[in-house]
Structures are given as structure tokens and as C-alpha cells.
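Descriptive analysis of the structure
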Amino acid sequence: QVQLVESGGGLVQPGGSLRLSCAASGSFRSINRMGWYRQVPGKQRDLVAVMDHGGNANYADSGKGRFAISRDYAKNTVALQMNSLKPEDTAVYYCNADGYESSWKIFNSWGQGTQVTVSS
């Protein structure tokens, strides 16, 4: 009952920037953690950055110093600003959120993914 929709992916040259956005909707009481993962074909899905309900953020080493996560708690959205992009950042980026549905059932939801391609 919790849906996540990503936007903002695309093609960018090395050194460029992209901003990804994700909005949560549906029947839920609260969101705890909200963030981003990425996946390349043939590899596991890896953490990029997450932020909890208190504003605490965790970043994978690959994005530290280049990526920044932010949340709008009132609007139930999360964004990922990606700067100084590298070819190895090429992946499908997925929004993720966990928390409680209106019934107090725990949820963990994923978006459909958005493609980010960094190439010269």
C-alpha cells in the first residue's frame, strides 16, 4: 500500500551532475528510513545513501563527498544530489523506504528504478 516513484535519471557526461527525486504515497502511518540503492546487471543491489526519521544520513564510500541526500518529511520525499559523476556510477537507482502502514504493519517498499548513465 506504499508506492515510491523515482524521477531525474538520465544520461550525463563524466564530471556532470544529476538530481534524483522520490515521492512516497499510499496508506502509511510513518516512514523511518528513506534512501537510495543502485544496481548494475549481474551485481547485487548496493546502498548509496539513506536518511532516518531524525535526519541522520549514511553514505556508501563510493559516494562520499560527491552525493548528498535530503528529505522533506512533510511531503514524504527524498532526493539525491549527485555531483562529479563517474562512469562507475552508471546503474539503475532505486528509491527505498520502510516504516509503518496505517494498520501498524511494517513495510519496506521499492520504487521502479531510474536509469543513470555516465558516459563520454
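Everything numeric here is computed off the predicted structure, so don't read it as measured data.

1. Digging into the sheet that holds strand β3 (residues 18-26)
Overall, antiparallel pairing links the four strands, which are arranged β1-β3-β8-β7 in an open sheet. The sheet terminates laterally at β1 (2-7) and β7 (67-72), the two strands that pair on one side only. On average, adjacent strands in this sheet sit at an angle of 15 degrees to one another, irrespective of strand direction. In the sheet, β7 pairs with strand β8 (residues 77-82) via six bridges, with the strands oriented antiparallel. Paired with Phe67 across the bridge in β8 is Met82.

2. Let's talk about the side chain of Asn96
Structurally, the position occupied by Asn96 is in strand β9 (residues 91-101). Judged by relative accessible area, which is 6%, Asn96 ranks as buried. A polar contact is formed between the side chain of Asn96 and the side chain of Asn108, at a distance of 2.7 Å. In terms of polar contacts, Asn96 uses its side chain to reach the backbone carbonyl oxygen of Ser109, at 3.0 Å. Apart from residues no more than four positions distant in its own chain, Asn96 is found in contact with Leu4, Arg33, Met34, Gly35, Tyr37, Asn108, Ser109 and Trp110.

3. Details of the pairing of strand β5 (residues 46-51)
By the bridge criterion, five bridges tie strand β4 (residues 28-39) to β5 in an arrangement that is antiparallel. Following the sheet pairing, Arg38 is matched in β5 by Asp46. Where β4 folds back onto β5 in an antiparallel hairpin, the turn is made up of six residues, including Gly42, whose phi is positive at roughly 85 degrees. Taken together, the three bridges between β5 and strand β6 (residues 57-59) define a ladder with antiparallel strand orientation. Paired with Met51 across the bridge in β6 is Ala57. What sits between the antiparallel neighbours β5 and β6 is a turn of five residues, in which Gly55 has the positive phi angle 90 degrees.

Criteria and thresholds
Residues numbered from 1 in each chain as written. Predicted model: local features only at pLDDT ≥ 70, side-chain atom pairs only at ≥ 80, totals over all residues. Heavy atoms only, no water. Pairing = 2+ DSSP bridges. Helix = DSSP H or I, 4+ residues; strand = E, 2+ residues; numbered from the N terminus. Axes fitted to C-alpha atoms, helices over the stretch in contact; angles between N-to-C directions. Buried < 20%, exposed > 50% of the residue type's maximum accessible area, 1.4 Å probe, protein only. Polar contact = N/O pair within 3.5 Å; in protein donor to acceptor, adjacent residues only side chain to side chain. Contact = heavy atoms within 4.5 Å.

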